[in-house]
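In case you want the letters, here they are:
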Amino acid sequence: MSLTATSFDWVRELVRKESAIVLQPGKEYLVEARLLPIARQMGLPDVAKLVETVRSRPDADSTRKIVEALTTNETSWFRDGDPFTALTSTVLPQLLAARGANERLQIWSAASSSGQEPYTIAMLLDDALPNAATRVSITATDLSREMVARTKAGRFSQLEVNRGLPAPMLVRHFQRAGTEWEVSPNLRRMVNASECNLAAPLPRMGPFDVVYLRNVLIYFDLPTKQSILRRVRDLMRPDGWLFLGAAETTLGVDDSWERVVIGRSSAYRPLKGA
Amino acid sequence: MTAQDTGERRRTSDARPVITDLMDEGTILAVAEEAWVSLVGEEEVLVPLAGELPADVVSSWVDVVGPWTGSVVLTTGQATAEALSRALLREAAPEVLEPEDVEDAFGEIANVVGGSVKAALPGPSGLSLPQVGHAPLVRNPVDVCRVDVLWRGEPLTISVQGALPPLPASH
Amino acid sequence: MRALVIDDSRAMRRIVTGILTDLGYEVRDAGHGGEGLDVLNEGWVPDLATIDWNMPVMDGLQFVSAVRSNPAWRRMTMMMVTSESEHTQIVRALAAGAHEYMIKPFTADAFRDKLALLGLLPQEVAL
């Protein structure tokens, strides 16, 4: 049975309430595809039945599973590689020059999903710096408990390592672990993963030199976008760098940022005195 | 496992690993699911349930030669093998499938599943070119790890089976 | 752009050819490394070769080595596309001169990601 408009609206409302992420109309197929495995897991024949069950007897576990299934995306390693090129070409040299030799650089991957983004950053820095493990700390946060656990484990399926990870980096930084691939221990030590809901008050972290907040704002409505950017700014160093997704900008959302073009990508820096 | 061994009453599994020492059904299923999702189609699920294979079955397999030596064998009904080949070829599928088309596509699935199984085994190991026909015989009933699945409701088995007979019991 | 697809499986050749044709590539194919070299010797040198490892007559690694020994073919980008997925195998292929390595099974999206890494994804479909 396919999803009725009422069921879809219920899922939309649930996801908006729990994560502040707005599912646009027309995303019924996404709801079907993402929730079917949960329905199966619970021994239910389809998504319509799943919605009916959880609506009539709400429980935190099922609710969370539904929200997590709809708020996480398959990620590839160097998807839209320009913000990573910018890190090594421009941002890193400037930060190394500005900071003391014993100061640790702090980088935040703010919607780290299953870990591809923080480990991409870790690989690049490990290749660029002789002492990356002691010089850099990467904080990875995600809304999803399951994704945080996966990031900590640093294990990726064959299909995941096929998604845009250059083969030379795969052989340099990963080992086989059964049918999966495991990130090397020194990269895992550089990455600290924890749960964090960007739409709620943030825990004490940072201050960060670089923040990757990519493909997150697009899901939120304008007031939530504004409060997220404000909270992120509060956790950044005054001369820090913020990277957003290619389709995202602070322009027209929050005017306390300065846009800087780096090669084919853009970064945002806190405006002085704003 | 201990490094010390008196050598007395050695079990055969101490001398040569059998497949169940090296992987379980869950691993084989995971490998097959990945192959199906990417080769056959994103919505194509394998349901881990046994079904009754029809009389006219066909197998495709690759041999793995290394610390563990054996075959990764896919077996299903002729009609299902054809449906799989069509799914694999999608719009590139010819109107009438020739037997060679089915051999080729069904063999390629064995190659892909076999490659992933091999990667999860201790290496280095070699992988043969795929073969299609009557499945190789099971030489040692203990050296088999097999999953039964349904694809689009039709039964299919994936068997990872050793090529060597059991070692004679030592006295 | 041109691509040469080398794989002993006709099904796999059709799948890879389909992805590349959709991206606007002009594609030729070969059933093993020897046939691949025949195409190059005709003077049809592609921008990209996708190469299976295990094939009859001449395997993918031998093909890569043969291409590397001829300076006329230096600008060709070579990507292994194979079910061989052990760490040491990937190292061997890269050492022999392959630029990228795609492990079977793969999705069309993953294939396009690899082309993007190699700078071989046509811009108009890069989104």
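Residues numbered from 1 in each chain as written. Chains lettered and ligands numbered in written order. Predicted model: local features only at pLDDT ≥ 70, side-chain atom pairs only at ≥ 80, totals over all residues.

Asks: Quick question: what am I supposed to make of the sheet that holds strand 4 (residues 174-177) of chain A here?
Replies: Consider a sheet: its strands pair through backbone hydrogen bonds, and that pairing is either parallel or antiparallel. Residue and element names in this part refer to chain A. Spatially, 3-5-4 is the arrangement adopted by the 3 strands of the open sheet, whose pairing is antiparallel. On the outer flanks of this sheet lie strand 3 (155-156) and strand 4, each paired with one strand and no other. One ladder, built from 2 bridges, connects strand 3 with strand 5 (residues 180-183); its direction is antiparallel. Bridge pairing links Phe156 to Trp181 in strand 5. (Pairing = 2+ DSSP bridges. Helix = DSSP H or I, 4+ residues; strand = E, 2+ residues; numbered from the N terminus.)

Asks: Before we go on, may I ask you to explain the nonpolar core in this structure?
Replies: Soluble globular proteins: nonpolar side chains tend toward being buried together. Of all hydrophobic cores here, the largest spans 148 residues; its most connected members are Val211 and Leu242 of chain A together with Ile109 and Val113 of chain B. It is helix 5 (residues 99-120) of chain B that provides the largest number of residues to this core, a total of 10 residues. In contact with Val113 of chain B, other than residues within four places in its own chain, are Val31, Ala32, Ala35, Val72, Leu74 and Ile158 of chain B. (Core = buried A, V, L, I, M, F, W, Y, C linked by C-beta atoms within 7 Å. Buried ≥ 20, exposed ≤ 12 C-beta atoms within 10 Å, placed from the backbone. Contact = placed C-beta atoms within 7 Å.)

Asks: How should I be thinking about the interface of chain B and chain C in this particular structure?
Replies: Many structure descriptions define interface size as the accessible area lost when the parts assemble. Between chain B and chain C, the contact holds 22 residues from the first and 18 residues from the second. If you list the elements that add at least two residues to the side of chain B that touches chain C, you get helix 3 (25-40), helix 4 (78-89) and helix 5 of chain B. Its residues assigned to classes, the side of chain B that touches chain C comprises 11 nonpolar, 8 polar and 3 charged. (Nonpolar A, V, L, I, M, F, W, Y, C, P; charged D, E, K, R; others polar.)

Asks: How do you make sense of unusual backbone geometry when you look at a structure like this?
Replies: Among all residues save glycine, negative phi is the norm, and among peptide bonds the norm is trans. Residue Pro207 of chain A is reached from Gly206 of chain A by a cis peptide bond, and omega for that bond is 0°. For Pro207 of chain A, the position within the fold is in the loop between strand 6 (191-195) and strand 7 (208-213). Of the consecutive residues Lys104 of chain C and Pro105 of chain C, the connecting peptide bond is found in the cis state with omega at 5°. Following the sequence through the fold, Pro105 of chain C ends up in the loop between strand 5 (100-103) and helix 5 (108-117). Positive phi, close to 65°, is recorded for Val57 of chain C, a residue that is not glycine. Note that Val57 of chain C resides in the loop between strand 3 (48-51) and helix 3 (60-68). Assessed through the 11 C-beta atoms surrounding it within 10 Å, Val57 of chain C is described here as exposed.

Asks: Teacher, can you tell me more about the sheet that holds strand 1 (residues 2-6) of chain C here?
Replies: Residue and element names in this part refer to chain C. The 5 strands lie next to each other as 2-1-3-4-5, forming an open sheet whose pairing is parallel. With one partner strand each, in any of the chains shown, strand 2 (26-30) and strand 5 form the two edges of the open sheet. Taken over all neighbouring pairs, the strand axes of this sheet differ in orientation by 20° on average, direction set aside. Sheet topology places strand 1 next to strand 2; 5 bridges connect them, and they run parallel. (Axes fitted to C-alpha atoms, helices over the stretch in contact; angles between N-to-C directions.)

Asks: Looking at this model, I keep getting lost on the pairing of strand 6 (residues 144-151) of chain B. Mind explaining?
Replies: In summary, the side chains of a regular strand alternate between the two faces of the sheet. Residues and elements named next belong to chain B. Of the two faces of strand 6, only the one carrying Cys145, Val147, Val149 and Trp151 is buried; Val144, Arg146, Asp148 and Leu150 on the other face are not. Bridge count for strand 1 (residues 46-47) against strand 6 is 2 bridges, and the pairing is antiparallel. Paired with Val47 across the strands is Leu150, a residue of strand 6. Pairing geometry for strand 6 and strand 7 (residues 154-162), over 8 bridges, is antiparallel. From the neighbouring strand, Leu150 faces strand 7, where its bridge partner is Pro155. Hairpin remark: strand 6 followed by strand 7, antiparallel, with 2 residues in the connecting loop; positive phi at Arg152, about 50°.

Asks: Help me understand the domain arrangement of chain A, please; the structure alone is not making it clear to me.
Replies: Along its sequence, chain A is carved into domain 1 (5-71) and domain 2 (82-270). Here the C-alpha centroids of domain 1 of chain A and domain 2 of chain A sit 29 Å apart. (Domains from an automatic or database assignment.)

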